[in-house]
Amino acid sequence: DAGVIQSPRHEVTEMGQEVTLRCKPISGHNSLFWYRQTMMRGLELLIYFNNNVPIDDSGMPEDRFSAKMPNASFSTLKIQPSEPRDSAVYFCASSLLSRGAGQPQHFGDGTRLSIL
Amino acid sequence: TQLLEQSPQFLSIQEGENLTVYCNSSSVFSSLQWYRQEPGEGPVLLVTVVTGGEVKKLKRLTFQFGDARKDSSLHITAAQPGDTGLYLCAGADNYGQNFVFGPGTRLSVLP
């Protein structure tokens, strides 16, 4: 079975440029999460969707960040304009929503973003 | 805001030794998960614990959820170099969705 697929794996760009990260969740999963990981701050939840609807975006750092999920099989995280402090590894994860016991989150391999 | 703390932050041991890492919070979680992350990859789920006092074993790994569901521990017996990685705990709210991750324990097992 295909896992969560993220693209690109690596992105290097100059500050001020627009960056778009892409994620394809596991088929059948109805929850999707975007995380950012740095050495200083660890793994931070940015936003999550249930059934393509954004539920909690309180972790999105600034208006420069936006996320969309136009359908069940695709999501994007966009940064515009990008800044050097946005450099991090960005992970997408998906899971099957069910109330009660936490369902496992399946992570992609991440996008390593470097803003020069 | 629910926060998780993990200790120790770093741990370097010799192959064959035993170790315990901890995950603590002042908040109650409906469930708690442990993940292991290797360089260049995303975290991979090891176990989910749900009931206070629950103990789960996964080969040489033993996981325990505190009675009050505020803390958890991971014990590894006879550690091997393949156990090297970043161990993350994550607590879920009552709906099982809003996960908070701890900062992780970075384990290095030397041959």
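Procedures and definitions
Residues numbered from 1 in each chain as written. Chains lettered and ligands numbered in written order. Predicted model: local features only at pLDDT ≥ 70, side-chain atom pairs only at ≥ 80, totals over all residues. Heavy atoms only, no water. Helix = DSSP H or I, 4+ residues; strand = E, 2+ residues; numbered from the N terminus. Buried < 20%, exposed > 50% of the residue type's maximum accessible area, 1.4 Å probe, protein only. Contact = heavy atoms within 4.5 Å. Areas by Shrake-Rupley, 256 points an atom, 1.4 Å probe, with all protein chains shown as cover. Lys, Arg positive; Asp, Glu negative; His and termini not counted. Charge placed at Lys NZ, Arg CZ, Asp CG, Glu CD. Phe/Tyr/Trp six-rings, centres within 6.5 Å; stacked < 30°, edge-to-face > 60°. Salt bridge = Lys/Arg side-chain N within 4 Å of Asp/Glu carboxyl O. Pairing = 2+ DSSP bridges. Axes fitted to C-alpha atoms, helices over the stretch in contact; angles between N-to-C directions.

Draft legend 1. Local environment of the overall build of chain B. Counting its regular elements, chain B contains zero helices and eleven strands. Listed by position from the N terminus, the elements making up chain B come as β-β-β-β-β-β-β-β-β-β-β. Projected onto its principal axes, the C-alpha positions of chain B cover 40 × 30 × 20 Å. Counting all 111 residues of chain B, 47% fall into the buried class. A separation threshold of at least 6 residues defines the contact pool for chain B, and within that pool the share at least 24 residues apart is 53%. Of the roughly 5200 Å² of accessible surface on chain B, a fraction of 50% belongs to carbon and sulfur atoms. Taking the 8 positively charged and 10 negatively charged side chains of chain B as two groups, their mean positions are separated by 4 Å.

Draft legend 2. Structural view of the packing of aromatic side chains. In this structure the tally under the stated criterion is nine aromatic pairs over all chains. On the numbers, 6.3 Å between centres and 25 degrees between planes, the contact of F33 of chain A with Y35 of chain A is stacked. Across the pair, Y35 of chain A and F33 of chain A agree in class, each one buried. When the ring of F107 of chain A is compared with that of Y35 of chain B, the centres are 5.8 Å apart and the planes differ by 85 degrees; the resulting orientation is edge-to-face. On the criterion of chain membership, the pair formed by F107 of chain A in strand β10 (residues 106-107) and Y35 of chain B in strand β4 (residues 31-37) is interchain, its members lying in two chains. This pair shows no difference in class: F107 of chain A is buried, exactly as Y35 of chain B is. Ring-pair connections join several aromatic residues into one group, and the members of that group are F33, Y35, Y48, F91 and F107 of chain A together with Y35 and F101 of chain B.

Draft legend 3. Highlighting the pattern of salt bridges. Taken as a whole and judged by the stated rule, the model has eleven salt bridges over all chains. Of the charged contacts, one joins E44 of chain A and R36 of chain A as a salt bridge, the two residues approaching to 3.4 Å between their closest N and O atoms. Relative accessible area serves as the criterion here: at 17%, E44 of chain A is assigned to the buried category. Of the charged contacts in the structure, one is a salt bridge between K56 of chain B and E54 of chain B, with a shortest N-O distance of 3.8 Å. Using a relative accessible area of 19% as the deciding quantity, one classes E54 of chain B as buried.

Draft legend 4. Quick peek at the environment of T38 of chain A. Residues and elements named next belong to chain A. Following the sequence through the fold, T38 ends up in strand β4 (residues 31-38). C-alpha of T38 to C-alpha of V89: the two residues are 51 residues apart in sequence and 6.7 Å apart in space. Setting aside chain neighbours within four positions, we find T38 in contact with S87 and A88.

Draft legend 5. How the structure looks around the sheet that holds strand β3 (residues 19-24) of chain A. All names here are of chain A. What the four strands build is an open sheet, ordered β1-β3-β8-β7; its pairing is antiparallel. Single-partner strands in this sheet number two, and they are β1 (5-7) and β7 (65-71). For this sheet, the mean angle separating the axes of adjacent strands, direction not counted, is 15 degrees. Where β3 lies against strand β8 (residues 74-79), five bridges are found, and the strand directions are antiparallel. In the strand pairing of β8, T20 is matched with K78.

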